[in-house]
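Residue-level structural notes
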Amino acid sequence: DRTYTAVIGGRTIQGTYTLNAQNKTIELTYLAGLKKMTAHVAMQGGKLSLLVDSSKLLAVLKAVSALSSGSTMQTASSLLSQYDGMLIGMQMSK
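This text gives an overview of the structure that appears in the document. Sequence order as written defines residue numbering, which begins from 1 separately in each chain. Local features in this predicted model are restricted to residues of pLDDT 70 or higher, and side-chain atom pairs are both shown and tallied only at a pLDDT of 80 or more, whereas totals for entire chains, interfaces and linings draw on every residue. Note: side-chain values were computed over all heavy atoms of the structure, leaving out hydrogens and water.

Description of the overall build of the chain
Of regular secondary structure, the chain possesses 2 helices and 6 strands. The secondary structure listing takes helices from DSSP runs of H or I that are at least 4 residues long and strands from runs of E that are at least 2 residues long, numbered from the N terminus. Listed by position from the N terminus, the elements making up the chain come as β-β-β-β-β-α-α-β. Taking 12 Å as the expected radius of gyration for a compact globule of 94 residues, we find that the chain reaches 16 Å, considerably beyond that expectation. Once the C-alpha set of the chain is aligned to its principal axes, its extents read approximately 50 × 30 × 25 Å. For the chain, the proportion of contacts with a sequence separation of at least 24, taken over those separated by at least 6, is 28%. In the form shown here, the chain has an accessible surface area of approximately 7,500 Å², with 56% of it arising from carbon and sulfur atoms. For this count, His and the chain ends are skipped, Lys and Arg are scored as positive, and Asp and Glu as negative. Lysine's charge is taken at NZ, arginine's at CZ, aspartate's at CG and glutamate's at CD. Positive and negative charge centroids in the chain, built from 9 and 4 side chains respectively, lie 6 Å apart. Radius of gyration here uses only the C-alpha atoms, and the compact-globule reference equals 2.2 Å multiplied by the residue count raised to the power 0.38. Note on definitions: a residue-residue contact is assigned when non-hydrogen atoms from the two residues lie within 4.5 Å. Here the accessible surface of atoms and residues is derived via Shrake-Rupley with a 1.4 Å probe, and residues count as covered only by protein chains that are part of the display.

This is the structure in structure tokens:
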């Protein structure tokens, strides 16, 4: 039926998904169709990996590092911003 339920941060999110096997991507639609997320899909050794573009996370890191006086956060932000098209994700198994 192409529906899913996920618990993220203690909140239950429901939506629909569309799998594109040729491109190896999955589009997750949630918030009653108002929001969409596309992830790259990989299967290896019985484990499913979902990888998404890290641009939004990097923007948050940059903002936090600008407010931080710590050199570690500023260095991490600087290094990560040099990677174009970086993906972050999770790996799931049964």
